[in-house]
Amino acid sequence: MKVVTQLAEWKRLRLSITGTVGVVPTMGFLHEGHLSLVRRARRENQAVVVWIFVNPKQFGPKEDFGTYPRDMARDLALVEHEGADYVLAPPVEEVYPPGFQTRVEVERLTQRLEGAARPGHFHGVTTVVAKLLCLTEPRRAYFGQKDAQQVLVVSRMVRDLGMLGEIVTCPTMREPDGLAMSSRNVRLSPPERKAAVCLYRALCAARDAHAAGQREGEALREAMRRVLAAEPLARPDYVSMADPETLEELATLQGPALASLAVRIGATRLIDNMPLPAPEG
Ligand code: AMP
């Protein structure tokens, strides 16, 4: 496995790679969720590139860029074990050198949910993902359903800009109790870690109410809020029952829907979601 930090060197290398490239964009501090993406990329492509870059542009000024967990040595060992061919891990000045002034912005989809809660987050994401897709020219790029809005926004960008390559969405990997794996989970104290399962429980409450025939969006959102209200350490940021393509909040569910939520547990902000199928018949 080759580790590349300089983009000029990477460009030379990329020109020598023949065959299909699969890329896995990450911010590092890798866990089984990330590795499930790497494994899938390994199965489906001739060359696998893992991007490890904590992207300052997608963090707000009061967010955790400085304290985001990092462990490059461990990450490299993990992706090497999964058979990645290249790790692209540039320093911030390589990605955003002096004079950098380009921004890629998807307009409406980014106004909702995470975009409303974290102004500027998504143009940070789309700008860096656009750069990464240009640098790697992948046949496929792998993203997790865990960040459902991110997949929608990146897919919209790829369609709108006519970028080649397919965006592949991979299922959310969870801990045995249901908590979605996240690099930020290490920040949770033992009582917070226990409390954090309320996100998954809230989503399951919505899923179960939906399976039992509940079609009112507000009743389903309320089912999630009730579960969160029972957890003293949880401070909900939003709960949503939305159209899975436009992310508009639904009054009544007639087709598939996306249940999603963001919750603070102590100082840590966690997100999770669950796609709900269209009612049968
Ligand atoms: P991050 O390092 O958090 O930016 O995540 C990098 C990629 O891994 C994104 O496409 C995430 O959606 C995906 N990912 C993060 N956590 C999980 C998980 N628990 N299961 C599946 N994919 C995940």
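Details of the structure are given in the entry above.
(A) Molecular detail of empty space enclosed by the protein. Within the structure shown, the criterion is met by two cavities of 30 Å³ or more. Taken as a whole, the largest cavity encloses approximately 50 Å³ of empty space. For the largest cavity, the full set of lining residues is Lys 146, Leu 179, Ala 180, Ser 182, Asn 185, Leu 199, Leu 270, Ile 271 and Asp 272. With three residues, strand β9 (residues 268-276) is the largest single contributor of residues to the lining of the largest cavity. In terms of residue class, the lining of the largest cavity is made up of five nonpolar, two polar and two charged.

(B) Just the site of the ligand, in detail. The ligand sits among 17 residues. The nearest are His 34, Gly 144, Asp 147, Met 173 and Met 181. Gly 144 places a polar main-chain atom, nitrogen or oxygen, 2.9 Å from an oxygen atom of the ligand. One of the backbone N or O atoms of Met 181 is found 2.9 Å from a nitrogen atom in the ligand. When contributions to the shell around the ligand are tallied by element, the ones reaching two or more residues are β2 (21-26), α2 (32-44) and β5 (140-144). For the shell around the ligand, the element with the most residues is α2, which contributes three residues. Taken together, the residues of the shell around the ligand break down into eight nonpolar, seven polar and two charged.

Rules of the game
Residues numbered from 1 in each chain as written. Predicted model: local features only at pLDDT ≥ 70, side-chain atom pairs only at ≥ 80, totals over all residues. Heavy atoms only, no water. 1 Å grid on protein atoms, 1.4 Å probe; cavity = no way out; pocket = protein on both sides within 12 Å on 5 of 7 lines; lining within 4 Å. Points joined across faces, edges and corners; volume = space filled by probe spheres on them. Helix = DSSP H or I, 4+ residues; strand = E, 2+ residues; numbered from the N terminus. Nonpolar A, V, L, I, M, F, W, Y, C, P; charged D, E, K, R; others polar. Near = heavy atom within 4 Å. Polar contact = N/O pair within 3.5 Å; in protein donor to acceptor, adjacent residues only side chain to side chain.

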